[in-house]
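In case you want the letters, here they are:
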Amino acid sequence: MTRFWALVAALMLAVTACGGDGSGDAEEGEEGGGSIRVALGDIESVETLALFIAMERVRERGTDVELIELADEDLANQAVVSGQADVGLGAPYALIEGSDAPLRIFCQLQAARFFVVADESEYPDWQSMDGETFTVHSRGSTTEALARIVEQEEGIEFGKISYVEGSEVRATALLRGNVKATVLDIPNRNFVMAESPGTFHELPTPDMKASDEVIFGNTEWMEANQETVQILLEEILTVWRSMVDDPAFVQEQREELGLLSDLPAELEEQLLPYYEQGAEEGLFTQDCGGEAVVQDDFVFYHEAGQLSGEPEELQVEDFWDLGPAQEAQDALAESGN
Amino acid sequence: MAAAAAGRPWVLRAASIAFVLGLWEWGGTVPVSIAFPKCSETLVAFGGMIADGTFAGAYAETAGPLIVGVALTGVGGVLAGLVMGLSPRTEWLGLPVFIVLQASPSAAIVPLITYIYGIGFAAKVFAVVLLSAPVIVLNSYRGIANTPRSLLEMSDAFLASRWKRIWKIVIPAGSGLIFAGLRLGLAQGFTGAVLAELLITPTGVGDLITFYRSVADYPRMFASILSIIVVASVSVTLLQRLELRLFRPEMRPA
């Protein structure tokens, strides 16, 4: 019997130890200063290269940067909430609203720019999609929000919204004829158009400023590490502005810093076109967003089902901390960048 | 008191369940994480999802590939196990394949299915087959291969034909293990169906988990996971009872 209670006590201790609220880790960060742990819910790829360049530049300024790669965005969110990472990338609106998570967004990295690719012979325009199946990423995703906004703007109603996760999977399904109209990202739009020229075309999408990817941090860590946040934002803004001015900047920096050295040749070929088209399409935010972007996000993520509150009733300060981005922009303006 | 509890196993079972649920409630109160809801919140969400038909709709979608996959493996797997148990050449050829398949990391293999079967119904059926086949085939094989030698000698003594020996001796002798394989195969099939819904296309109960996680509705997300445990446990228990009734009278409670 004594053994049984010892086992129970050990189990309870283990659960408590595993499920700590991470405050201990946050304190560690406070003491260390000058270091940042970034949770990335994505694999290293052409799309994440710009961020890696910014992180290398942060390192050059004397701040330790640790990259924590996780299987998906939700895990990255949880890592930041628990204090196992300091900042994360994604769009944690639902997490902040639904659970009062101690997170604040401080910069928009990428605007939501979607490319709807459809079989040209079957769906020459949006009206021909009325009552038809439209394929998006998943329920509650930004791509589903786009579908809902298109329905409102075009006065149509899709027969069925079908869910297929992963732009590359949807691109393959499109080429194999499993789906006829779907939402793709830039690399996969280029891939589909190149693989089957003349079969597919793009349908126009609404002009939006809403965020596809933002950077957010643990509030406790942000408060205690304002200088580190400032350095990170300055470098992000510098890199983002440089690559819009000259998309070849990314390729040059990659070679100079030795980043993604094992990138396969076929992906290397996609690098420059991706940043050229991204710059042209306004993908890369030049000023971290600001209040107008936040309001667009509220509407967009409400439409996606991620935010349950009415957009006009949501408070910016409950989700964003706009101060650091403004300070970083002021600092860059002062330094003439 | 211990003797009284041993005499009534349901008391111990209820105490075990109450202990786990109590620990869960405590974990949610601490809280272990903001994404870890209390047991009571999850149970309320569970009730709500039954009442509003969320589970009915989701399981109607999940059931299709699961039933087809388990039915295909049930027939094909038992036949494969039978042939392997009877023919040393087929055993040599097939046994390593299923042993390797059983040991392979299924979560890593499931996404690869899309390369061959695309993203539709067939891919999900294949995921169910992939997970359930090894356990059904290997159990059937063991059931057949371990037919008591004395029974086989008896059939030889009575000059039974090969088919008669298989039908009257080998299959009945292995039926207990074959049925246990089917029961375990169903549990594995559930895993395959949910993995396919999480990793290939988000539909059915897999979609519920993905969706509620994305909108940070953790009580409903945990309720979805709990529902899989409940449905799988109930199905497997029912099959176990059927197995005891049909094949193992010696194990039935007096």
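Residues numbered from 1 in each chain as written. Chains lettered and ligands numbered in written order. Predicted model: local features only at pLDDT ≥ 70, side-chain atom pairs only at ≥ 80, totals over all residues. Heavy atoms only, no water.

Trainee: Looking at this structure, I do not really get a negative patch on the surface. What am I missing?
Mentor: All names here are of chain A. There is a patch of like negative charges on the surface, built from Glu60, Asp245, Asp246, Glu252, Glu255, Glu256, Glu276 and Glu280. Those elements giving two or more residues to the negative patch turn out to be α11 (248-257) and α12 (265-281). It is α11 that provides the largest number of residues to the negative patch, a total of 3 residues. Tracing the backbone shows Asp246 in the loop between α10 (226-245) and α11. (Patch = residues over 30% accessible without salt bridge, like charges linked within 9 Å, V, L, I, M, F, W, Y side chains within 5 Å. Areas by Shrake-Rupley, 256 points an atom, 1.4 Å probe, with all protein chains shown as cover. Salt bridge = Lys/Arg side-chain N within 4 Å of Asp/Glu carboxyl O. Lys, Arg positive; Asp, Glu negative; His and termini not counted. Charge placed at Lys NZ, Arg CZ, Asp CG, Glu CD. Helix = DSSP H or I, 4+ residues; strand = E, 2+ residues; numbered from the N terminus.)

Trainee: How should I be thinking about the packing of α11 of chain A against α12 of chain A in this particular structure?
Mentor: Between two packed helices, the angle of one axis relative to the other and the distance separating the axes together describe the packing. All names here are of chain A. At a minimum axis separation of 8 Å, α11 and α12 run at an interaxial angle of 140°. Accordingly, the angle class assigned to the pair α11 and α12 is oblique. Counting all contacts with α11, which are made through Ala248, Val250, Gln251 and Arg254, the residues of α12 involved are Glu268, Leu271, Leu272 and Tyr275. Tallied by class, the residues present in the contact of α11 with α12 amount to 5 nonpolar, 1 polar and 2 charged. (Axes fitted to C-alpha atoms, helices over the stretch in contact; angles between N-to-C directions. Parallel < 35°, antiparallel > 145°, perpendicular 65-115°, else oblique. Contact = heavy atoms within 4.5 Å. Nonpolar A, V, L, I, M, F, W, Y, C, P; charged D, E, K, R; others polar.)

Trainee: Help me understand the interface of chain B and chain A, please; the structure alone is not making it clear to me.
Mentor: Interface size is often expressed as the accessible area that is lost when the parts come together. With 26 residues of chain B at the interface, the matching set in chain A holds 28 residues. Three residues stand out in chain B for area buried against chain A, namely Ile34, Ile119 and Arg213 of chain B, and they jointly supply 25% of the buried area on that side. Taken together, the connections running from chain B to chain A amount to 3 salt bridges. For Asp207 of chain B, the salt bridge identified is with Arg139 of chain A, shortest N-O distance 2.7 Å. Here chain B and chain A share 5 residue pairs in polar contact (both at pLDDT 80 or more) between them. At the level of elements, α2 (9-29), α7 (113-117) and α11 (204-214) of chain B are the ones that each hand at least two residues to the side of chain B that touches chain A. It is α11 of chain B that contributes the most residues to the side of chain B that touches chain A, 6 residues altogether. Of the residues in the side of chain B that touches chain A, the class split is 18 nonpolar, 6 polar and 2 charged. (Buried area = accessible area lost by both parts, 1.4 Å probe. Polar contact = N/O pair within 3.5 Å; in protein donor to acceptor, adjacent residues only side chain to side chain.)

Trainee: Explanation requested: a nonpolar patch on the surface in the structure shown.
Mentor: A surface patch of nonpolar side chains, about 470 Å² in accessible area, is lined by Leu112, Tyr115, Ile116 and Tyr117 of chain B. Its location among the elements puts Tyr117 of chain B in helix α7.

Just distances and angles here, no functional claims.
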